[in-house]
Every structure is written in C-alpha cells, then in structure tokens.
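# Geometric and topological summary
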Amino acid sequence: MSEVDMAVIKPEMMKSYIWLRTADGSIQQVEQEVAMFCPMICHEVIQKGMGSSKNYAISLPQRVNPAMLSLILDYCRFHQVPGCSNKERKSFDERFIRMDTKRLCELTSAADSLQLKPLVDLTSRALARIIEGKNPEEIREIFHLPDDLTEEEKLEPLKNTTDDPRIRLLNRLYAKKRKELKEREKLKNAEVKEEHVDDRSVDDLLSFINGGNEDSKGIKTSKSKKKNRRRKDQQKSMSANETTKNHNKEPNGLNSACSSAEVGQKIQPIIGSTSTLQDVEDDIIANKNEFDDADIDDEIDPALKERIDREVEDFARRLNSDWPERMQEILSLGQERKPVHFFT
Amino acid sequence: MSNSLKLSGNPICQNINHLPDAILHHVLSFLPTKEAVATSVLSKRWHSLWTWVRVLDFEDSPSCETNEKQRIDFMHFVYRALILNRAVSLDKFRLNCDIIHGPSCLNAWIDGAIRKDIVQEVDISVSATQKSHFLKLPSCVFTTKNLKVLKLSKGILIDVPNSMSVCFPSLKVLHLDFVEYANNDSVSRLLQGCTVLEELLVNRSFRDNVRNFIISVPTLKTLNISELLEPKNLLEYFSHSYHYELTINAPNLEYLEIIDLESLVHLESVFVSLIKANISFHGTGLFQLAKALCNAKFLFLKWTCCGNSRASLENASFPLFLNLTQLELHSGFEDWDVIPHFLDNSPNLEVLVLENPIIMRNKQECFPKCLSPHLRKVLCRGFEGCEHELKMVEYILMNARALELIEICSSFDMSFESKFALLQKLSKFPRRSETCQLTFK
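Residues numbered from 1 in each chain as written. Chains lettered and ligands numbered in written order. Predicted model: local features only at pLDDT ≥ 70, side-chain atom pairs only at ≥ 80, totals over all residues. Heavy atoms only, no water.

Residue and element names in this part refer to chain A. Chain-level pLDDT for chain A is 65 on average; 48% of the residues reach the 70-or-more range. The weakest mean pLDDT in chain A belongs to helix α13 (residues 252-256) at 35; the strongest belongs to helix α7 (residues 117-131) at 93. A low-confidence stretch, residues 206-300 (pLDDT under 50), is modelled with 129 contacts involving residues beyond four sequence positions or located in other chains. Contacts from residues 318-322, a stretch scored under 50 in pLDDT, to residues over four places away or in other chains number 8 contacts. (pLDDT = per-residue confidence, 0-100. Helix = DSSP H or I, 4+ residues; strand = E, 2+ residues; numbered from the N terminus. Contact = heavy atoms within 4.5 Å.)

What follows concerns the packing of aromatic side chains. Evaluated as defined, the whole model comprises 13 aromatic pairs over all chains. Summarising the aromatic geometry, the rings of Phe74(B) and Trp109(B) are spaced 5.6 Å apart at their centres and angled 85° between planes, so their arrangement reads as edge-to-face. Here Phe74(B) is found in helix α3 (residues 68-84), whereas its partner Trp109(B) is found in helix α4 (residues 103-114), with 35 residues between them in sequence. Both residues of the pair, Phe74(B) and Trp109(B), count as buried. Ring centres 6.5 Å apart and planes at 65° place the aromatic pair Phe142(B) and Phe168(B) in the edge-to-face group. Placement of the pair is Phe142(B) in the loop between β4 (135-136) and β5 (149-154) and Phe168(B) in the loop between β6 (156-158) and β7 (173-177), with a sequence separation of 26 residues. Each member of the pair Phe142(B) and Phe168(B) is classed as buried. Cluster of aromatic residues (ring-pair linked, three or more members): Tyr75(A), Phe78(A), Phe92(A) and Phe96(A). (Phe/Tyr/Trp six-rings, centres within 6.5 Å; stacked < 30°, edge-to-face > 60°. Buried < 20%, exposed > 50% of the residue type's maximum accessible area, 1.4 Å probe, protein only.)

The interhelical angle for the contact between α7(A) and helix α1 (residues 21-28) of chain B, taken along N-to-C directions, is 65°, at an axis separation of 8 Å. At the point where α7(A) passes α1(B), the crossing takes the right-handed sense. Note on element contacts: α1(B) touches α7(A) through Ile23(B), His26(B) and Val27(B), opposite Val120(A), Asp121(A), Ser124(A), Leu127(A), Ala128(A) and Ile131(A). Grouping the amino acids of the contact of α7(A) with α1(B) by side-chain chemistry returns 6 nonpolar, 2 polar and 1 charged. (Axes fitted to C-alpha atoms, helices over the stretch in contact; angles between N-to-C directions. Left-handed = near helix turned anticlockwise from the far one by under 90°. Nonpolar A, V, L, I, M, F, W, Y, C, P; charged D, E, K, R; others polar.)

What follows is about the interface of chain B and chain A. Taken together, the contacts link 45 residues of chain B with 55 residues of chain A. When the two sides are added together, the surface that chain B and chain A hide from each other amounts to roughly 4,800 Å², 68% of it contributed by carbon and sulfur. Inspection of the chain B/chain A interface yields 2 salt bridges. Arg184(A) is paired through a salt bridge with Glu68(B); the nearest N and O atoms lie 3.3 Å apart. Connecting chain B to chain A are 9 residue pairs in polar contact (both at pLDDT 80 or more). Of all elements in the fold, only α1, α3 and α4 of chain B reach the threshold of two or more residues within the side of chain B that touches chain A. Ranked by residue count, the leading element in the side of chain B that touches chain A is α3(B), at 11 residues. (Buried area = accessible area lost by both parts, 1.4 Å probe. Salt bridge = Lys/Arg side-chain N within 4 Å of Asp/Glu carboxyl O. Polar contact = N/O pair within 3.5 Å; in protein donor to acceptor, adjacent residues only side chain to side chain.)

Okay, here's the thing in structure tokens:
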C-alpha cells in the first residue's frame, strides 16, 4: 500500500522492484529487470509469485552472501541491457573477473546456486586459467589443498585401474613399446655388436616365468635364428605345458576374467604362428612385469594371458603398428555391455 | 551430489575445495585434458575428478613428429584417458595432432571418443605435410546423432562414397578448413546429410580435388567460402582458370562471404533474407550475381573481370536493390559500367565506397539517371583524377541531396602538384547539399 502511494507520488519511479533476502537476514530491493536475469529468481517470481514486497522477499540460497549478491547484481545489470556489443561485453567480463581466488570461488558458488550459467562459465574459466600451466605444488598452495595422497597413489592414477583388463592390456602394450624403443636405442649406442646368445636352460626360463628371477634386463636379441627357432619351439611347448598346468589349478580364473574372455574371443587364434625369439621373450618380459606388479593379474587366467599376448604380437606385426585395431576393439568393448559368455 | 560442504555452519565456499563436484568438473573442462589429468595428484578429493569431465581435448607436441618416445607417450596417454573417462556423454572432443601417429591409431581415438555420444562439438585437426596421405575419417563421424558443431581441418580427406550414410540430424555449424575431398560427390553427399545446417565455413586449398563445388543447403543462414590459391607456378594457375566452378543454392542465406578468385561463381537462388554479402571473385556474370543479391542491406563486391562483360550487362536487366544501404565496389582492371546501374537501382543507398581506378570507357552510360535521396557518405579511394572520375564526382555532388561527407583519397603515385590541382577542381564543383563536406587525402 505504501508502495502504491509512492508510485502515485513519484511517477518517474515507475520501475518495479524485487525484494531479496540473503541468508543473514538482510533484505534489499533490486530493479526487476536486473534481478530477473537470474534464472532462480525468475523462477521464484513467475512460478511462486514471490518477491513483490518486503514480507514476501525471495529467500536466496545460503551460498549467496550480501557481498556476492552485490557483485552478481552488477554483472546482471550490465548484461541485461540488450544493446551492448560482444566486444563491450567481453571487456566488461575481463575487468569484472579480476579478483582474488577466494572471492572467485565464492562467486562461482553463489552464481551456481542462482543458476546463472554465463557467470558460472566465466568464473569457472577464470579458475581454470589459474590452474593451467602450474605444477601441483603451486596449485596446492594457491588453493590450500591438503597434500593427502600417498606417493604410491600419486604414481598410480586410479585405484581400480588395475582391475580393468583393458588398462592391463594397455599397460602391457605400452611397456612392450617402451622396451622396444629402449632396445633400439641400445643397439644404436652399442659400440661393439656382440653376439648375445640366450643360452639359459629350460629350467632357468621356467623359474623366470614363475617369478624367481628378478633380472629382466639381461636379455638381448640373438643373431642366430636357427638356435632360436629350436628354443622358441621348446619354450612354446613348455609354456603350453605351463598353461595347461595352471589351467587345471585355477578353474576360477575363467569366471573373473569374463571380459577378458570376450577379448580373447574376438581374436582369431592363429596356429603355428612364427613368432621371433624377440617376441616370445617380450611375452615373458611382459608376464614378468605383470607378476612384479602387485595383485594385478591374479584374475586373468594365465592361459588366456598367453593367448592374448601371442595374438597381440601377431596382430602388431601384421599391421605394422601396435595399437590400433586392438585398441579400437577395446574401446568399443567399454561402450557395449555384452552378455558374459565363455569360450569353449 | 554435492559432497563438499564439509565445514559446519559455513556453507560459503571460500575455497575451491568447497565447491561441489559438478562445478569442479566444469572448471576442469576448460583445461586441456593433459592438465586436467595432472590434477589427479593434487589431493584425495581431486584424484578422480578428471575422469568425469565432459570434455576431451588432446593436443600433441610438435616434437611428436620426430621424437618417437614422445609419440609413444602421447599415444599411451590418449588411450588411457579415453578408457578411464567415465562421463556418460561428452560435450566436446578436440584432437589436434600430427598424422605421424598413423591412420589406424587416429581413427581408433576418434572412434573411441565419438562412441561416447558427443552432444556439442567435435574439432579434429591433423597436421600433415604435402607428402603424407591425408586421414580418412571413420564412418561413425558422419552419423553423429546429437552433434551440433563439427570442425575438420587440414590433413583430412573427406571421402563419402555412395554406400556410406551421412546423417547429422542436429548439426548446425560445419567448418571445413583446408581439407581434401575425394571428389565432387563427396561434398554434395556430406552436405545433403546436414538437414538443419545453419552455418557453413569452407576454406579451400588449391588441390582439394573438387572441380565443381556445389553447396545446396536450404536451411543455411551463414556461408563463408574462401579459396586460397597456392599454385606452384603461374602456368598452373592459368591452366586452372575457368575449370573450377562454385555453385550456391541456399535461398535462406543471411550472411554470405565468398573469396574465390579461381572458380566461376554461380548463385542459383535469390537470397530473400540476405543481410550482408561480401564477394570477391573472378569472372563474368556480375548481373547474374546481382539478381541473387538484390535483397542485401550491405554489399561488398570485389572482382577481377576477364573477358566479355559488356554482353552480359546489356542483355540482362539490372535488379532493384531496395534494401541496400551500404555499397562498396572494388573493381578489377577492366572496364566496368556497373556503378551507374547500381546507383540507378538503389533508392535507399546511404553509403557508397568506390575503390581503385574507375576507368569508364563508354561515355554514354557514364551517368546514373537518378541518385538515392538518402545518400549521405561517399568515399573514393585510389582516385586518379581522370575525366570520367571527375564527372562522376561532379554528378554526385550536384545531385546528392542529403550528402554529408565526400572523401577522396588519391592514388599513391600522384605528384603533389597534380594532387593540388585535383583538389582545386573538386572544390569548385557546385554542391546540392549544404552540409556537404569534402575531404581530400
């Protein structure tokens, strides 16, 4: 009623106002067109009819304190004017966003609670700019983040990565690639090209596979292929024996490796493949690495693992590149939820 | 959802750690994925935040081309990020890398990302040298249901055979930046699949394999097409002239920009809602173009005309440019009598800009019959002071009722004396408009 009187007395103040109340209890009135720029306030006014008088002031979310409200209203006041060019808006935004990090966080939070998306975008971008290009120490300092990760956690990005067979496969491929690269570089650097013949006995190799031998770096490529072929056949039959042995021991391996089974199924087994000694050695190395890593491959049946490794090698050689087709399958596996089935 | 309002009694988020997860994901989405992943070592809270980010932005370093270790690291990183990303759908996927990674690898990445249902934008840019084969995209790129913006640049080959289905039901913006095309039909089929396309930007290169570039998109509102010539030598340039064509059929176009000094330009539909057109082209057929452009409010025309333009001028009738308020004409080096036609038919013209020597040989058609009563500003650049130019300026000064400013910039190679003489002549011309100012540079 007094408002109506006021309207009559001062006709030039015909602007309508919206009443807003912040969490601390203070109430203020804001020009309607400015306040309505915020979707949350707009909703309250239109859907619930609030905000028309002091008694029916719109209660703003807790995350909006008076200081933030005033900033937000400044933003709205500028942007709700239809005539501004994009350039003007941009320069306003750039000036507006210059504030210390603490206030920036407060503002982001307040804008988010009022659902003011353009301002949330602006502040988020500003926060991203602060993070960008800095090392973790600096970021922790700026934002007062606790340094509560163990060293181990820092090195291994996600806890359950190692459960994901795709990641395991990826790690294996990656390790193999890096190994190849290192060895190629070693060959380049080697002054004298000695003939390193791998003359470990079958028993040595067995114990190696079983994780007895810690030294995985001593293996070099051999130049005498004939010897290798014999060795390779030996190793193959030996590893086949190994796998059948293990297969009988761990029937449960299959169950937990269902997704790996799918992976296995997708690959066409190639009988009588001619892997080079290098490849087989790499298999062993790869397996060795897997054993080294704690608890990773307990769930994959070793038979399956051998098979996967062999198929990967084959594939790699045929395509002359290591990742692509396999990874395409793997990536697509992640998206499709196929029913679990076992190979016969 | 929000699990970060830890401090009791004080919900005000003074620290970034107090912001809800959703906002942190949003913040991380503005970072290149490499940096977003790096935040996983900040603290427990941040350990897996990056996996929910709805943007994947991969860019390899320039040294990947030569340094194999970096290449392998990058490959590993991209695969890992793709696998570990948990967002149900992505807002944006951006890939900027060298073709050295190999087509199977690149396509595996693109395939992996697109399977996640990208709802906003895909931006793929592949650097390739002249010698490498360009990347042929996987077919899943051409059937993205929700994608709104698609940008493809550089080392990509657009090959759309008859058997491939192209379906972009939500695509509004398409940028093709110096990509290569398998043939004419690839272009047409690609555009046919864009049923709601509103903005198309094409930067063509000299060897993109398309002789006849046809753009036929009824929903198109903005079109930018440019062809940057890089012929290896003049012979190649001249041998290609007139063997290329550009055809545009987009009746709802509002903004049109064509910079194509190579092809014959055909505008097949009249643009009913045209607001602004900026056309630099080579060749005859200005009248045909004029017909399509007659609804424009702002017009910028620049052309080099080679050959017999006179015939087309006489046979066709020049359309009426009712909405035209601003006209800028840059001529080539042949004669053109188009100015009088434009002036006759633009009753609402307010601003006129003429550039480069206006050599008008046909004296009879020199003068327009009428001049827009609203013409208030005229600029002439590259003025040389020859008889016809002077006559034109005299005519304008005599007839432009509302003229406020006429600015004459003489061409560079005029001596000071001749400039001064010219100025004297110009200032003596009688002016109809009292408020008219003459500026001379």
